[in-house]
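Observations on chain architecture
Each chain is listed here by its residues.
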Amino acid sequence: MAKRFLWLIPITLAVALDQLTKYLVVVYLKPIGTFPIIQDVLHLTYVENRGAAFGMLKDHRWVFMLTSTVAIIAVLIFMFGWYKKYYHPLFYAGLALICGGGIGNMIDRTVAGYVVDFVDLRIINFAVWNGADTFITIGTGLVILYLVIAEVKSIKAEKAAKTTE
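Since the model is a prediction, treat every value here as computed from it, not as a measurement. (Residues numbered from 1 in each chain as written. Predicted model: local features only at pLDDT ≥ 70, side-chain atom pairs only at ≥ 80, totals over all residues. Heavy atoms only, no water.)

**Observations concerning the overall build of the protein chain**
Counting its secondary structure elements, the protein chain contains 5 helices and 3 strands. The helix and strand sequence of the protein chain, counted from the amino end, reads α-α-β-β-α-α-β-α. In the protein chain, which comprises 165 residues, the proportion classed as buried is 33%. Considering only contacts within the protein chain whose residues lie at least 6 apart along the sequence, 69% involve residues at least 24 apart. Of the roughly 10200 Å² that the protein chain leaves accessible, carbon and sulfur atoms contribute 72%. (Helix = DSSP H or I, 4+ residues; strand = E, 2+ residues; numbered from the N terminus. Buried < 20%, exposed > 50% of the residue type's maximum accessible area, 1.4 Å probe, protein only. Contact = heavy atoms within 4.5 Å. Areas by Shrake-Rupley, 256 points an atom, 1.4 Å probe, with all protein chains shown as cover.)

**Remarks on the nonpolar core**
Nonpolar side chains tend toward joint burial in soluble globular proteins. In this structure, Trp7, Ile11, Met79, Phe91, Tyr92 and Leu95 are the most contacted members of the largest nonpolar core, which totals 16 residues. If you list the elements that add at least two residues to this core, you get helix 3 (61-80), helix 4 (89-111) and helix 5 (131-164). In terms of nonpolar packing, the next biggest core, distinct from the first, is built from 7 residues, Val25, Leu29, Tyr46 and Phe118 among them. (Core = buried A, V, L, I, M, F, W, Y, C linked by side-chain atoms within 4.5 Å.)

**Remarks on helix 4**
When the terminal C-alpha atoms of helix 4 are compared, their 32 Å separation across 23 residues agrees well with the 33 Å that a helix rising 1.5 Å per residue should span. Positive backbone phi, approximately 90°, marks Gly113, located one or two places after helix 4. (Expected span 1.5 Å × (residues − 1).)

**Re the packing of helix 2 (residues 8-29) against helix 5**
Look at helix 2 against helix 5: their axes get within 8 Å of each other, and the N-to-C directions meet at 150°. Where helix 2 approaches helix 5, its residues Ala14, Leu17, Asp18 and Lys22 are matched on the opposing element by Gly131, Ala132 and Phe135. Its residues placed into classes, the contact of helix 2 with helix 5 shows 4 nonpolar, 1 polar and 2 charged. (Axes fitted to C-alpha atoms, helices over the stretch in contact; angles between N-to-C directions. Nonpolar A, V, L, I, M, F, W, Y, C, P; charged D, E, K, R; others polar.)

Pasting the structure below:
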């Protein structure tokens, strides 16, 4: 039981790191707008994102608040309440990162009305994003990786069972 609650640590660390970087961006980057790390490749650029990914639906903040709240609660219930058979570190690490990132962006939307983005990968003309978005993306990748590994193991086990019959 207590083992499951250890996952509060990476969730808390993800939220703290996200909020710290956004605070530093507001204090030091907002006044100058952008700072090139590698000119025309990677910049730190202050952006107030009032929408979802890539700034879509910027006049529908309530949609993001509602969907984020439901998603965060669902992940927390899954992690700490139900489905104990899925307790695997890779899977739960992914869920913890998704949850931490979701909470980080939810804090921004609740307090400021927008999400602070700042990682600007200009070499591929990609949208500006933040630490929470990175946590959500990596967490989703880990969950998908776990599910693929679990499915491969299941298929192998089925084949092995058929050959022994």
